[in-house]
Structures are given as structure tokens and as C-alpha cells.
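An overview of the molecular structure
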Amino acid sequence: MLIFRHSAIMGTASVLALGAAIGLICMPQTASAQEQTPTFAVSPQPSLNFYGLPGLIDTPTAEALPDGQVALGVSHFGGTTRTTLTFQATPRISASFRYVGIQNWNSNGFSTYRDRSFDVRYLALRERKYLPAVSIGLQDFAGTGIYAGEYIVATKTFETANAGTIKLTGGLGWGRLGSNGSIGAPFGVRGSFTAGSTGGSPSVDQWFRGDVAPFGGVEWLVNDKLGLKAEYSSDAYLPETSRGVFSLKSRVNFGVEYQYSERLRLGGYYLYGSEVGINAQLQLNPKQALTPTTVSAPTPVLPRPSRNSNPAAWRTDWANSQTAPAQLRDALVPALSKEGLTLEELAVSANSAELRISNQRYNSQSLAIGRAARVLAQTMPPSVETFRIVTMQNGLALSTVTIRRSDLETLEFVPNNSEALLAVTGINAASPSLAGGVTQPGLYPQMNYSIGPYVAPSYFDPDQPVRADAGIRAEFRYRFAPGWLVSGEVRHRLGGNVGDSTRTSNSVLPRVRTDGILYARAADTTLNRLYISRQWKPGSNTYARMSAGYFESMYGGVSGELLWKPVGSRLALGVEANYVKQRDFDQRFGFRDYSIATGHVSAYYDIGNGYQGQLDVGRYLAGDYGATATLSREFDNGWKVGGFFTLTDVSSADFGEGSFDKGILLTVPLNWFLGKPSQQSISTTIRPIQRDGGARVSVPGRLYEQVRQGHKSSIVSDWSRVWE
């Protein structure tokens, strides 16, 4: 039986979600007649400065954002526009990526100079009753160095009875923050910024060197909406003033800010005695959904009759019937389907049942396991005491969760029932296959297809920082047997300007990525991908994948992967080998002459508390050898923020601008926007610049992310949802 399942395409959902998000984020918080205002306390989080960091106007404060906070700051003054993305990665450490445009710079023949930079800061001391908060920061530590500087800053907060909140800040700055009003150079001399350098490499030997200068200021939060700021800046803006970008006449800046909504803050300022500036600050926290996700009420646990009151119900002769497994399966299928779960296989005996399910709805495996256990309690004969629930992902058996039925009946309504149930639940390896089980009739083959819009953005072209193509795409996924997948996507561009860029590659390496513009402009209708893959489980702790076809817009070929990942282990090891050829620019069925064997040995480690580390060592698309290090943080609701960098045997000079490959990884679940259970998400990789060194082929369906979501650490991390 061929099953067609039509679903909304991810591109459509992404567009709708982003549109809804903009409205929800920027909309002021309203209150009903019964509710009291304000809807948030004074200063719900530290305000941001013109660098997109916790700060006054153009100088930093020592405050840290709430843990996990994501902040976007956009500011403009004196011909300079800065856009900064900041992530509070831990309660003490934050990291920022900034993109700036400076008008009338006249560097390298361009009227607007564009630059990318990274910051990191550390909260060394939390504010206490008599002590200020103290932070240490590195500004533009891995860019071209135009904003390079370091600082140590302290901030103390004073609450008043009737006059709001006052925050006093003072600090010492080096580099840009030490260029005006120097009081000496206690740690030696410092090099100078050279426009046009490739940048990208940390200048460790210059940190906290050269002139040091004091800065400081005050922020007065008058009430929950209004804030006033004044500061004394230590930045002389030498590169800008020497080029006539603006005239610096004073070191004192003033500003007024308005809290438009809980997440959006706006400000207007008078800076350096000559300029008017504006600043928009958007702050989100992955832990706090825009729309809280609501799920339907779970099926209650159905207590069994006692043996004394109904001994006939506890008879086990049904287990000898040839039709009993099929009858129980047929009862389970609709009940599981109502919960968004698919029965893959079922095996039953007189006192135990093993149910293999795939989760189609929830981004929480624990919630899915709890729902499946409740359905089993409603359906299985009373003699069945042990439930073994096996989570499945694209044909892979991930783990076996063993729950006693009597524990479900006893603990459903007791305090701290989640912790109590976890203490008596087993989470172990799942066997590759289930002997003697019955499957759902007509489950295979199945076809999923979707049609909808797409948007393909391109960032950081110096001529036009944001470009995009948009059009219609059609995608299908055909599964003709467990573990097998045939998938493809066709796109038709209706408009856009990605291919309008006149910049051509100047790479001295094989042009494995820098010819991307040629792919963007070659054809309006393209075959984005078309491939076949099979994944299976050779052993209890090993997983395998083989794929062949057109993997992405630029490459096609064959790929194989083997992953070792025990259910309870934080460590996983994998190896991937690929042989790929570069596709024709028109992205149809032809190939160009360039081909290469590439692959990596990978180590993955679950650090705990949502932090994940990954190290990949091997050969890249341009034939270079090296390693990629990735560190990310994942929240229970599916948000994921991370960063990576790649170092290979390609020199900084041969790599070109940026010196080495690096970037930011961001995944946002759709249910965070929409408030409905969903496994779909919006993912993007933000690179300061895409060069040929350290480039990898994008192969769909890599194993680790599929596997780890069904293993012990992921299940335990949100086990509190098992009773939802």
C-alpha cells in the first residue's frame, strides 16, 4: 500500500514563523482589565550599548545578560552602522559577532568600509551588597582589528525608594578604549591597526598592551519604561576622524531610552559633541517561548483490576493465541496515532510488551515515551507488567526505556512523580531488530511531499551586505522500507539578487566554495538535491549510513558513515568517507571536472547541562588537512546556539580574508514561535566569510544528531515532561 502524507514545507513554515515572530517580538505587552501593569520589572535585563553589549552608550558595563540570552543590537551614528549578535553562553561568559559599515572610509576604493569582528567577555565578580560586578572583555579579538580593544569594568547598582534605579560604572580600556585620555602603558607597547589586513587571527601578543585610559558613566532607570544615560568615553575614534567620517568634539555622550516592550528597547543619543545616534535592542531568551507550547491532555493511566476482584482478567492463556499480537497492535495503532506516534513494531508475552515507536509530533522524547506508556496501560491485558518502549529514528532503534506498569499506576499523582519514576526506570541499548514482532500493515512504502516558498539569503557581500533569492520549491521523501530513503528537491527562482554580485573568486585554492555566485546565477530552475540513502544498526552500540546522489547544490557522489555511541555514554566516535564531484553550475544532472575523496574521524562529547563538543579531523574539499572544533549549547525546548572554527594546513595568506574558517550555528524550533508541538526548526550557519579552506560537503542525514536525541542524556534532561 502506498501512503501519501502531505505536510507543510519547512520553507513555508519558516516564512510564517518568522513573520509571526517579528510581530510577537516587537509587539508591546498588553494587560487585561484584571491584570496590573507594568508587565515586567524595572530593567528586565541589562541594556545594550552601541556595540550590542551590556553597556552605557559607547562604553561597556560589567553586567551580564541572563543565562542563555540572545541579544541583537542595531545602532547608527556618525556614518557608522553596527549590527551585533550576542549570546550569553554561560552565566559568566558571553560571545558576540558584529558586522559594521562605516561611510566615507574610502578604503580599497569603496566608499563604505565593511568589517566583521568577534568579542568575548567574562563576568569575573558578581555584584554583591557592598561590591560591584566586575567584567573583563576582549573586543574585536579575531577581526581585522579596527575595533580591537580590551577592558576591565565595574558596575554598582543602587535601588532608591522613589527615584528608580541608578547604575554607576567605571573602567579601564586598552586599544580603541585606551586611545583618548591615556594614563600610561603599564604592560608595554601595542601594534597599530592596518586597513585591508586579512584579519581573523587573535593578536594575543597585543592584548592589554599599550595606552590605558579610564572611562565611566551612569544609567538612571527612572521607571519601567524610561532610562537616561551619560558617559565619559575613552575612544578617540582615530581611524574615523582622520578620514573625516565625523568630527569628535567632546568625550561626553548622553542618551535616553524607552522600553517599548519586554523584548524591545529603543534609544536616541547625542555623541561626541557633534553626532546624533539611534539604537534598537532586541533581547530574547530561549528558555522563554514567545508562545508557550500547549499539548493536549494525556490519556490517564488506567489502573488494572485487582487479582482478587477479577481473577479472570489476569489469565495469561491469551498469550498462546496466534492472533493476540495482531489484535493488540490494531488496538494500539489508532491510540498512538492520536498522540502523534507511529507504531513500528510490537512484541508481547504474558507479562511484558516491547513497543517500537517513531515520534512524529513532539520535540521531547520523554513526552513521547510517557504518552506511549499511558497508551500501553490502556490497552495491554492486566498480566502485562513490563513495558519496553523503544524509540526509533528513520529505521534506527535508539534506546529501550523499561517501565513497570505498577510504577505508572502508583506514581501518577504523587509529588515529584517524575523523579520517582526515573529512579525505577531503565534506559538501555536497543537491539537492532525485534524478534517475533508484528508491524503495522501498510506502513511502507510511504511518500511525504511538500510545496511552498523558499528564501535563500546571502550575507556580507561588501557591495551589498544582504542579498536574497526567493521562489517556489517542491520536495519529496519516499521510504520504501525501514531505513531506506529517496529524497529530492526542485527549486524555481522567481526573483532575487544573489547572482547579481560582480565579485569573482580570487582564491589560490581549488574553488570548492568561492564559485557559489556562479551557481546562483546559472539557472532559475535547479535540482537542489536528489539522493538515496540507507541507514541501519550493525550492533547494539553502532550505527551505519550509506548515501549516493546529488547531496547539495554544488556536490554529488557517494558517502558512508559509521558511528559508535552507547546509550549511556557521553562519548561518541564516528568516521565518514566521501567521494564527491563538483556539479555543473546549472545544477541539473551534469558534473564538472573537479572531484575529491574527503572524510573525517569525529569525536562527540556531551559535556552536560546542554553543552555539546565536537572535534572532526580529516581531509576537506580543497584537499587540505586539518580539524574543526565545535562547541554548542542546546536548550530543552530545541533552541541551539554554537560556534565552530577550522584550522588546516592552508596558510592564512592562502586562505585569504578571514585567515581561517569559522562561524556561528543557530537553530530555533518552530514550536517556540507557534505554541504548537512540532519537530520542525529553522537552522542557519552564519559565516563572516565563505572561503575554500576548511570547506566540507553537506551530506543529508548524518547520524550523530539523529542518534543522540534518543539516548539516555537527552531523555533524562527533560524527563520532567514524561507525565505531560
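Residues numbered from 1 in each chain as written. Predicted model: local features only at pLDDT ≥ 70, side-chain atom pairs only at ≥ 80, totals over all residues. Heavy atoms only, no water.

**Examining the overall build of the protein chain**
Along the backbone of the protein chain there are eleven helices and 32 strands. Once the C-alpha set of the protein chain is aligned to its principal axes, its extents read approximately 95 × 70 × 45 Å. Relative to its full complement of 724 residues, the protein chain shows a buried share of 50%. Carbon and sulfur atoms make up 58% of the accessible area of the protein chain, which totals about 30,800 Å². (Helix = DSSP H or I, 4+ residues; strand = E, 2+ residues; numbered from the N terminus. Buried < 20%, exposed > 50% of the residue type's maximum accessible area, 1.4 Å probe, protein only. Areas by Shrake-Rupley, 256 points an atom, 1.4 Å probe, with all protein chains shown as cover.)

**What about the packing of helix α3 (residues 324-338) against helix α4 (residues 365-379)?**
Packing of α3 against α4 brings their axes to within 10 Å, and their N-to-C directions diverge by 140°. Accordingly, the angle class assigned to the pair α3 and α4 is oblique. For the pair α3 and α4, the crossing hand works out as right-handed. Residue-level inspection shows Leu328, Ala331, Leu332, Ala335 and Leu336 of α3 in contact with α4, the latter providing Ala372, Val375, Leu376 and Thr379. Partitioned by chemical class, the residues of the contact of α3 with α4 number eight nonpolar, one polar and no charged. (Axes fitted to C-alpha atoms, helices over the stretch in contact; angles between N-to-C directions. Parallel < 35°, antiparallel > 145°, perpendicular 65-115°, else oblique. Left-handed = near helix turned anticlockwise from the far one by under 90°. Contact = heavy atoms within 4.5 Å. Nonpolar A, V, L, I, M, F, W, Y, C, P; charged D, E, K, R; others polar.)

**So, the sheet that holds strand β19 (residues 438-439)**
One key point about sheets: their strands pair by backbone hydrogen bonds, in either a parallel or an antiparallel sense. Ordered by their spatial adjacency, six strands build an open sheet running β18-β17-β16-β15-β14-β19, and the pairing between neighbours is mixed. A strand with exactly one partner marks an edge of an open sheet, and here the two such strands are β18 (426-428) and β19. Of the strand pairs in this sheet, strand β14 (residues 341-348) and β19 are connected by two bridges, and their pairing is antiparallel. Its bridge partner being in β19, Leu346 is matched across the sheet by Val438. Docked against the sheet, α3 engages β14, β15 (352-359) and β19, running at close to 155° with respect to β14. Sheet strands touched by α4: β14, β15, β16 (386-393) and β17 (396-404). Its angle to β16, the strand with the most contacts, is close to 135°. (Pairing = 2+ DSSP bridges.)

**A look at the pattern of salt bridges**
For the structure shown, the criterion picks out 38 salt bridges. As a salt-bridge pair, Arg545 and Glu576 come within 3.1 Å of each other at their nearest N and O atoms. With Arg545 in strand β24 (residues 542-550) and Glu576 in strand β26 (residues 571-583), this residue pair connects regions lying 31 residues apart in the sequence. Both residues of the pair, Arg545 and Glu576, count as buried. Here Glu705 ties to Arg708 by a salt bridge, and the two come within 3.0 Å at their closest N and O atoms. Taken together, the positions of Glu705 and Arg708, both in helix α10 (residues 703-708) and three residues apart, correspond to about one turn of that helix. Arg708 sits in the buried class, given a relative accessible area of 5%. Where salt bridges share partners, they join Arg473, Glu475, Glu489, Arg491 and Arg529 into one cluster. (Salt bridge = Lys/Arg side-chain N within 4 Å of Asp/Glu carboxyl O.)

**Structural notes on the environment of Glu344**
Summarising the element assignment, Glu344 is placed in strand β14. Separated by 47 residues in sequence, Glu344 and Thr391 have C-alpha atoms that sit 9.6 Å apart. If near-sequence neighbours (up to four positions away) are discounted, Glu344 is found in contact with Arg356, Ile357, Ser358, Met392, Val438, Thr439, Gln440, Leu443 and Tyr444.

**Considering α3**
Taking 1.5 Å per residue as the helical rise, α3 with its 15 residues ought to reach 21 Å, and the 22 Å between its terminal C-alpha atoms agrees with that figure. Most pronounced at Leu332, the bend in α3 amounts to some 25°, and the proline Pro334 follows within four residues. Within α3 the residues assigned to the buried category are Ala324, Pro325, Leu328, Arg329, Leu332 and Leu336. In the core, the buried residues of α3 are packed alongside β14, β15, α4 and β19. Count one or two residues on from α3 and you reach Gly340, which has phi positive near 80°. (Expected span 1.5 Å × (residues − 1). Bend = angle between axes of the 7 residues up to and from the residue.)

**Description of the confidence of the model for the protein chain**
Residue-level pLDDT values for the protein chain average 89, and 92% of them are 70 or greater. Counting contacts from residues 1-43, a segment whose pLDDT is below 50, to residues more than four positions away or on other chains yields 83 contacts. (pLDDT = per-residue confidence, 0-100.)

**Digging into the nonpolar core**
Residues Leu332, Leu336, Leu355, Met380, Leu408 and Leu421 are the most contacted members of the largest nonpolar core, which totals 37 residues. Contributing elements (two or more residues each) for this core: α3, β14, β15, α4, β16, β17 and α5 (405-411). Those residues in contact with Met380, other than ones at most four positions away along the chain, are Leu328, Leu332, Val348, Ala353, Phe387 and Arg405. The next biggest cluster of nonpolar side chains, apart from the first, holds 24 residues, and it includes Leu123, Tyr237, Leu271 and Tyr272. (Core = buried A, V, L, I, M, F, W, Y, C linked by side-chain atoms within 4.5 Å.)

**Notes on unusual backbone geometry**
With omega at -5°, the peptide bond leading from Tyr444 into Pro445 counts as cis. For Pro445, the position within the fold is in the loop between β19 and β20 (446-461). Phi at Tyr272 is positive, roughly 55°, even though this residue is not glycine. By secondary structure assignment, the location of Tyr272 is in the loop between β12 (264-271) and β13 (275-284). If you check the backbone angles, Asn416 has positive phi at about 50° while not being a glycine.

**Topic: the packing of aromatic side chains**
Tallied over the entire structure, the rule returns 25 aromatic pairs. Pairing Phe97 with Phe460 gives two aromatic rings, centres 5.6 Å apart and planes at 70°, and the pair type is edge-to-face. A residue pair is termed long-range when its members are at least 10 positions apart, and Phe97 in strand β4 (residues 93-107) and Phe460 in strand β20 qualify at 363 residues. Of the two residues examined, Phe97 and Phe460, each falls in the buried class. Taken together, Phe50, Phe77, Tyr237, Phe246, Tyr269 and Tyr272 form an aromatic cluster joined through their ring pairs. Directly above the ring of Tyr51 sits Arg82, whose terminal nitrogen or CZ lies 3.9 Å from the centroid. (Phe/Tyr/Trp six-rings, centres within 6.5 Å; stacked < 30°, edge-to-face > 60°. Lys NZ or Arg CZ within 6 Å of the ring centre and 35° of its normal.)

**As for α4**
When the terminal C-alpha atoms of α4 are compared, their 21 Å separation across 15 residues agrees well with the 21 Å that a helix rising 1.5 Å per residue should span. Across the 15 residues that make up α4, a large majority, 14, are buried. The residue sitting at the N-terminus of α4 and contributing the capping side-chain oxygen is Ser364; that oxygen lies 3.5 Å from the backbone nitrogen of Ser366. (Polar contact = N/O pair within 3.5 Å; in protein donor to acceptor, adjacent residues only side chain to side chain.)

**Points about the pairing of β20**
With 15 bridges joining them, β20 and strand β21 (residues 464-479) adopt antiparallel strand pairing. Each bridged residue has a counterpart across the sheet, and for Asn448 the counterpart in β21 is Arg477. Two successive antiparallel strands, β20 and β21, enclose a turn made up of two residues.

**Structural notes on the side chain of Arg479**
Within the fold, Arg479 resides in strand β21. Glu344 provides the closest opposite charge to the buried, unpaired Arg479, separated from it by 8.0 Å. In this structure the side chain of Arg479 is engaged in a polar contact, spanning 3.0 Å, whose partner is the side chain of Asn394. If we skip the residues at most four places from it in the chain, Arg479 touches Asn394, Tyr444, Pro445, Gln446, Trp484 and Leu485. (Lys, Arg positive; Asp, Glu negative; His and termini not counted.)

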